[in-house]
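# Report on the structure
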Amino acid sequence: PEIPVEETTPVKIYHVIVASVGTAHDAENMAQQLRDRGYTDAKALVGQKYNRIAISSFATEAEAYSMVKRLKSEGVYEQSWVLTQK
């Protein structure tokens, strides 16, 4: 008998951060504003110390840095950087 192969979604641990804000509420609001502007992958990363807004997340570091480079070349979110979550 054939053993079924389970399709796995790559874990997206590389987040392109575009802002840090004081409260979880502010982070959720900003993420929603980004989604409303077409950044469908935007999300709030709420932590104990920091509330960050990821414009997008990726499975590989190269993809994440490519997004940072593109944002900077477009003149938007020039302070963006990559957060790696283990």
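For the structure itself, look to the data block above.
First, a word on what this report is: a plain description of the structure on this page. Since we're looking at a predicted model, the values are computed, not measured. (Residues numbered from 1 in each chain as written. Predicted model: local features only at pLDDT ≥ 70, side-chain atom pairs only at ≥ 80, totals over all residues. Heavy atoms only, no water.)

### Side note on the overall build of the chain
A tally of regular secondary structure across the chain gives two helices and four strands. Shown N-terminal to C-terminal, the secondary structure of the chain runs as helices and strands in the order β-α-β-β-α-β. In summary, the chain has a C-alpha radius of gyration of 15 Å against a globular reference of 12 Å for 86 residues, an excess of more than 25%. Projecting the C-alpha coordinates of the chain onto the three principal axes gives extents of approximately 55 × 30 × 25 Å. Restricting to contacts in the chain with at least 6 residues of sequence separation, those with at least 24 account for 60%. Total accessible area on the chain is roughly 6100 Å²; 51% of this is exposed by carbon and sulfur atoms. Of the side chains in the chain, 10 bear a positive and 11 a negative charge, and the two mean positions are spaced by 9 Å. (Helix = DSSP H or I, 4+ residues; strand = E, 2+ residues; numbered from the N terminus. Rg over C-alpha atoms; globule rule 2.2 N^0.38 Å. Contact = heavy atoms within 4.5 Å. Areas by Shrake-Rupley, 256 points an atom, 1.4 Å probe, with all protein chains shown as cover. Lys, Arg positive; Asp, Glu negative; His and termini not counted. Charge placed at Lys NZ, Arg CZ, Asp CG, Glu CD.)

### So, helix H1 (residues 24-36)
Along its 13 residues, H1 runs 18 Å from first to last C-alpha, staying within 8% of the 18 Å computed at 1.5 Å per residue. Along H1, the residues classified as buried are Ala27, Ala31 and Leu34. The arc that holds the buried residues of H1, viewed along the axis, is 60°, so those residues lie on one side. Those residues of H1 that are exposed and aimed more than 90 degrees away from the buried face are His25 and Asp36. (Expected span 1.5 Å × (residues − 1). Buried < 20%, exposed > 50% of the residue type's maximum accessible area, 1.4 Å probe, protein only. Arc of directions from axis to C-beta.)

### Remarks on the pattern of salt bridges
A side chain of one charge can pair with a side chain of the opposite charge if their charged atoms are brought near each other. Within this structure, the stated rule accounts for one salt bridge. Note that arginine 70 and glutamate 74 form a salt bridge whose closest N and O atoms lie 3.3 Å from each other. By relative accessible area, arginine 70 is classed as partly exposed at 41%. (Salt bridge = Lys/Arg side-chain N within 4 Å of Asp/Glu carboxyl O.)

### Considerations on the pairing of strand E1 (residues 14-21)
Across the eight residues of E1, six count as buried, placing the element largely inside the fold. Pairing geometry for E1 and strand E3 (residues 51-58), over seven bridges, is antiparallel. Across the sheet, isoleucine 17 pairs through a bridge with alanine 54, a residue of E3. With four bridges joining them, E1 and strand E4 (residues 81-84) adopt antiparallel strand pairing. Directly across from isoleucine 17, in E4, lies its bridge partner tryptophan 81. (Pairing = 2+ DSSP bridges.)

Nothing here speaks to function; it is geometry throughout.
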